[in-house]
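Fold and contact review
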Amino acid sequence: RTKMSAHGPDPGEKKMTGDEPDPGDFYPTGRLGFNANGLAWLKSKVIDDDCGELWRIHEDLYDLSGFVNSHPGGKDWIILTKGTDITEAFETHHVFGVPQKLLDKFWVKKATNPRKARFTFEEDGFFKTIQRRGAVILRKVGTGPTLLSTLTVDFLVVSFLLMLCLLGVYPSMPLALVTAIFLGLSNISAHNWFHQADKKAWRRFYFDLSLTSSRDWRVSHALSHHLHTNTYQDMEVSAFEPYGLSFLPVEKNSFMKVIQHGYAHLACILIYPIEFVKRVYLILFEDHKLLPENLLAPLQLVFLFLMTQDLAL
């Protein structure tokens, strides 16, 4: 079930007329920009959700700072979401529920402003009904990736590394293409670990072997795209809009309807170097920190450069 916004006029909202397709009635602060990234999305969410230094779940505010080291899912999910409404993440990532006694330990006060998101998660609603039915099955079959999925992504990454070494010794276009295929498949497969608990999700760093950042995409994918799919808060959809692409269910002119499908494939290729350049800029000139995994892709380029140079004196 969903609900329409109950709050009054807000500078962060783009009003709907009722005649156009509805990709979500709330229009987030700082939604569009060429330097859009996961941390910027969270900062905008802090402004819009207006939770102060607390975490919001439904109509209650909690201080989870004392739960950071105890959270079974890991520190990142708590630290990154400070000051935001985490209702969607809380409901969807805890399929077996969370004891109310545990939540009560961190309860601070009732929220005074209505939630921005329209999802209600009512006990007799669609989502909670499906979740309860799914929990029965998951208790039997287990959660997380299967052994086959794990072995597959490991095989792809090992194959990529082996091909990278061969490419350094025997540089050629055919070997480069095969190496690129294994890297692309590794990158796609690694995103399955974005949703896991930190201690179980180390394979998410395979994603950093490309020119992308697993930390940033973990936010944009698990917290934005999966929780607010095809709405204004879906960062992975809106990130293409500064480049002329719109994937939201809104009206498009005839020209975009014709070229968008082909243009989208080109954009998916260009997004990798764009993301890398953007991250370098954010680290050098804004407040992003250089993470160890950010060096995985540049090190490959250094390796290939050294291997293909005549270093004899």
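Every value quoted in this text rests on a predicted model; they were computed, and no experiment measured them.

Focus on a nonpolar patch on the surface
- Side chains of Leu166, Val169, Tyr170 and Met307 sit close together on the surface and give an oily, nonpolar patch of about 390 Å² of accessible area.
- Here Tyr170 is to be found in the loop between α6 (147-169) and α7 (173-190).

Some words on helix α5 (residues 126-141)
- Here α5 is 16 residues long and its end C-alpha atoms lie 23 Å apart, about the 22 Å a rise of 1.5 Å per residue gives.
- The complete set of buried residues in α5 reads Lys128, Gln131 and Ala135.
- The inward-facing, buried residues of α5 contact α3 (87-93).
- Two residues or fewer past α5, Gly142 is found with a positive phi of approximately 90°.

A word on the pattern of salt bridges
- For the structure on display, the rule yields 16 salt bridges.
- Taking the shortest distance from any N to any O, the salt bridge between Arg218 and Asp76 comes out at 3.9 Å. In this pair, Arg218 sits in helix α8 (residues 214-225) while Asp76 sits in helix α2 (residues 75-80), placing the two residues 142 residues apart along the sequence.
- Judged by relative accessible area, which is 4%, Arg218 ranks as buried.
- A salt bridge links Asp216 to Arg215, with the nearest nitrogen and oxygen atoms 2.8 Å apart.
- A single network of salt bridges, built from pairs that share partners, joins Glu91, Glu123, Lys128 and Arg132.

What about the confidence of the model for the protein?
- Averaged over the protein, the pLDDT score is 86; the fraction of residues at 70 or greater is 90%.
- Below pLDDT 50 for its whole length, residues 1-21 participates in 46 contacts with residues either more than four positions away or in separate chains.

Topic: the packing of aromatic side chains
- What the rule picks out here adds up to nine aromatic pairs.
- Between the aromatic rings of Tyr27 and Tyr232, the centroid separation amounts to 4.9 Å while the plane-to-plane angle is 65°, which identifies the pairing as edge-to-face. Within this pair, whereas Tyr27 is found in the segment before α1 (38-49), its partner Tyr232 is found in the loop between α8 and α9 (235-238), the two being separated by 205 residues in sequence.
- Given a relative accessible area of 6%, Tyr232 falls into the buried group.
- Pairing Trp202 with Tyr206 gives two aromatic rings, centres 5.9 Å apart and planes at 85°, and the pair type is edge-to-face.
- Given a relative accessible area of 14%, Tyr206 falls into the buried group.
- Ring-pair connections join several aromatic residues into one group, and the members of that group are Phe119, Phe121 and Phe127.

Topic: the sheet that holds strand β1 (residues 55-57)
- Strand order in this open sheet of three strands is β1-β2-β3, and the pairing throughout is antiparallel. Two strands in the sheet have a free side with no partner beyond their single neighbour: β1 and β3 (107-110). Each neighbouring strand pair of the sheet contributes to a mean axis angle of 35°, computed without reference to strand direction.
- Bridge count between strand β2 (residues 60-62) and β3: three bridges; the pairing is antiparallel. Paired with Tyr62 across the two strands is Trp107, which belongs to β3.

As for the environment of Gln260
- Tracing the backbone shows Gln260 in helix α10 (residues 254-285).
- Residues Gln260 and Phe247, spaced 13 residues apart in sequence, show a C-alpha to C-alpha distance of 9.1 Å.
- Setting aside its immediate chain neighbours within four residues, Gln260 contacts Leu245, Ser246, Phe247 and Lys252.

Quick word on the side chain of Arg218
- In terms of polar contacts, Arg218 uses its side chain to reach the backbone carbonyl oxygen of Gln196, at 2.7 Å.
- Contact partners of Arg218, with chain neighbours within four places excluded, come to Asp76, Trp77, Phe194, Gln196, Ala197, Asp198, Ala201, Arg204 and Leu223.

Some words on the nonpolar core
- In this structure, Phe160, Phe182, Tyr206 and Leu209 are the most contacted members of the largest nonpolar core, which totals 16 residues.
- In terms of residues, this core owes the most to one element, α6, which gives seven residues.
- Once you skip the residues sitting within four places of it in the chain, Phe160 turns out to touch Thr179, Phe182, Leu183, Ser186, Leu209 and Gln300.

A closer look at the packing of α6 against helix α11 (residues 296-307)
- Interaxial distance between α6 and α11 falls to 8 Å at its minimum, and their mutual angle equals 30°. Judged by the inter-axis angle, α6 sits roughly parallel to α11. Seen from above, α6 lies across α11 with right-handed handedness. Within the contact between the two elements, α6 uses Phe160, Leu164, Cys165, Leu167, Gly168 and Val169 and α11 uses Gln300, Phe303, Leu304 and Met307.
- Across the contact of α6 with α11, the residue classes break down as eight nonpolar, two polar and no charged.

Comments concerning the environment of Ile283
- Take Ile283: it is sitting in helix α10.
- Looking at Ile283, the relative accessible area reads 22%, which means it is partly exposed.
- Non-local contacts of Ile283, meaning those with residues more than four positions away in its chain, are made with His288, Lys289, Leu290 and Asn294.

Criteria and cut-off values
- Residues numbered from 1 in each chain as written.
- Predicted model: local features only at pLDDT ≥ 70, side-chain atom pairs only at ≥ 80, totals over all residues.
- Heavy atoms only, no water.
- Patch = residues over 30% accessible without salt bridge, like charges linked within 9 Å, V, L, I, M, F, W, Y side chains within 5 Å.
- Areas by Shrake-Rupley, 256 points an atom, 1.4 Å probe, with all protein chains shown as cover.
- Salt bridge = Lys/Arg side-chain N within 4 Å of Asp/Glu carboxyl O.
- Helix = DSSP H or I, 4+ residues; strand = E, 2+ residues; numbered from the N terminus.
- Expected span 1.5 Å × (residues − 1).
- Buried < 20%, exposed > 50% of the residue type's maximum accessible area, 1.4 Å probe, protein only.
- Contact = heavy atoms within 4.5 Å.
- pLDDT = per-residue confidence, 0-100.
- Phe/Tyr/Trp six-rings, centres within 6.5 Å; stacked < 30°, edge-to-face > 60°.
- Pairing = 2+ DSSP bridges.
- Axes fitted to C-alpha atoms, helices over the stretch in contact; angles between N-to-C directions.
- Polar contact = N/O pair within 3.5 Å; in protein donor to acceptor, adjacent residues only side chain to side chain.
- Core = buried A, V, L, I, M, F, W, Y, C linked by side-chain atoms within 4.5 Å.
- Parallel < 35°, antiparallel > 145°, perpendicular 65-115°, else oblique.
- Left-handed = near helix turned anticlockwise from the far one by under 90°.
- Nonpolar A, V, L, I, M, F, W, Y, C, P; charged D, E, K, R; others polar.

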